[in-house]
Amino acid sequence: SNGNFPISTIPVTANTPVTISATYASTTSQKTLLIVMPKLSNFTTSATSVAGGGTLTGTVTLYSPAAAGGAVVALAKTGALSVPSNVTIAAGTTNKTFTIGSSPVTVDTSSTVKATLGTVSITRTIIVKAPRLASITSQTGVVRVFGGTSMAAEATQTVGAPAGGVPAAPCR
């Protein structure tokens, strides 16, 4: 006959083999159970694009709760993004959210963030967007102008311009 019983474990910081023994009528049976350290299961971002100079969030998630001292996930970036060098998932929890910053750009820029824990890495691509022209309005309210004369106008962008501004070509 069989008997079922629960086996409770605690989070570990390294893969740990544990021997389980059961004895009945002077017969002992042993099995080794491998308690595995938490592994990175997912890395998500709140968006796949961001206006240059803006922020979004990233969340790293483990398959199981982090051990005492937490799980340190290394972060690396390319392109016009900024991230902390690592984030710590607190002991007993499975995820951590952090801020991803971006720099203003003059053209849309494909950038990446990579999260690594142990041998598992997950990379996400984020497009950092350049300013776009949203509208042009006449500062005087005039919508017609005689050829060969000029008028004052204002251009509005979808996001702020990078340092040094964005060149605008004169209208003809």
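Residues numbered from 1 in each chain as written. Predicted model: local features only at pLDDT ≥ 70, side-chain atom pairs only at ≥ 80, totals over all residues. Heavy atoms only, no water.

**Brief notes about the packing of aromatic side chains**
- According to the stated counting rule, one finds 1 aromatic pair in the structure shown.
- Considering the side-chain rings of Phe43 and Phe98, the 6.1 Å spacing of their centres and the 25° angle between planes classify their relative orientation as stacked. One end of the pair, Phe43, is in strand E3 (residues 40-45); the other, Phe98, is in strand E9 (residues 95-102), with 55 residues separating them in the sequence. Neither residue differs from the other here; Phe43 and Phe98 are each classed as buried. (Phe/Tyr/Trp six-rings, centres within 6.5 Å; stacked < 30°, edge-to-face > 60°. Helix = DSSP H or I, 4+ residues; strand = E, 2+ residues; numbered from the N terminus. Buried < 20%, exposed > 50% of the residue type's maximum accessible area, 1.4 Å probe, protein only.)

**Things to note about the sheet that holds strand E4 (residues 49-51)**
- Strand order in the open sheet made by the 5 strands is E4-E11-E10-E6-E8, with mixed pairing throughout. Both edges of this open sheet fall to E4 and strand E8 (86-89), since each of them pairs with a single strand only. Ignoring strand direction, the axes of neighbouring strands in this sheet form an average angle of 30°. (Pairing = 2+ DSSP bridges. Axes fitted to C-alpha atoms, helices over the stretch in contact; angles between N-to-C directions.)

**A look at unusual backbone geometry**
- Within the chain, Ala25 stands out as a residue other than glycine whose phi angle is a positive 50°.
- Mapping Ala25 onto the fold places it in the loop between strand E1 (16-24) and strand E2 (27-35).

**Observations concerning the sheet that holds E9**
- With respect to topology, 4 strands assemble into an open sheet ordered E3-E5-E9-E7, the strand pairing being antiparallel. Both outer strands of the open sheet, E3 and strand E7 (81-82), are each paired with one neighbouring strand and no more.

**Here we look at the pairing of E8**
- Of the two faces of E8, the one holding Val87 and Ile89 is buried and the one holding Asn86 and Thr88 is not buried anywhere.
- Summarising the sheet, strand E6 (residues 71-77) and E8 pair through 4 bridges and their orientation is antiparallel. Pairing of Ala71 across the sheet is with Ile89, part of E8.

**A closer look at the side chain of Thr59**
- Structurally, Thr59 can be placed in strand E5 (residues 55-62).
- Overall, the relative accessible area of 18% leaves Thr59 in the buried class.
- A polar side-chain atom of Thr59 sits 2.9 Å from a polar atom in the side chain of Thr97.
- Ignoring anything within four residues of it in the chain, the contact list for Thr59 reads Asn42, Phe43, Thr44, Asn95, Lys96, Thr97 and Phe98. (Polar contact = N/O pair within 3.5 Å; in protein donor to acceptor, adjacent residues only side chain to side chain. Contact = heavy atoms within 4.5 Å.)

**Focus on the nonpolar core**
- Ranked by internal contacts, the top residues of the largest apolar core, which has 25 residues, are Val60, Val73, Phe98 and Ile100.
- Secondary structure elements with two or more residues in this core: E3, E5, E6, E8, E9, strand E10 (109-117) and strand E11 (120-129). (Core = buried A, V, L, I, M, F, W, Y, C linked by side-chain atoms within 4.5 Å.)

**Focus: a nonpolar patch on the surface**
- Taken together, the side chains of Phe5, Ile7, Val18 and Leu33 make up a nonpolar region of the molecular surface, amounting to roughly 340 Å² of accessible area.
- Along the polypeptide, Phe5 turns up in the segment before E1.
- Phe5 gets classed as exposed once you look at its relative accessible area, which sits at 54%. (Patch = residues over 30% accessible without salt bridge, like charges linked within 9 Å, V, L, I, M, F, W, Y side chains within 5 Å. Areas by Shrake-Rupley, 256 points an atom, 1.4 Å probe, with all protein chains shown as cover. Salt bridge = Lys/Arg side-chain N within 4 Å of Asp/Glu carboxyl O.)

**A few points about the pairing of E5**
- Where E3 lies against E5, 5 bridges are found, and the strand directions are antiparallel. Paired with Phe43 across the bridge in E5 is Val60.
- In this structure, E5 lies alongside E9, joined through 7 bridges in antiparallel fashion. Across the sheet, Gly58 pairs through a bridge with Phe98, a residue of E9.

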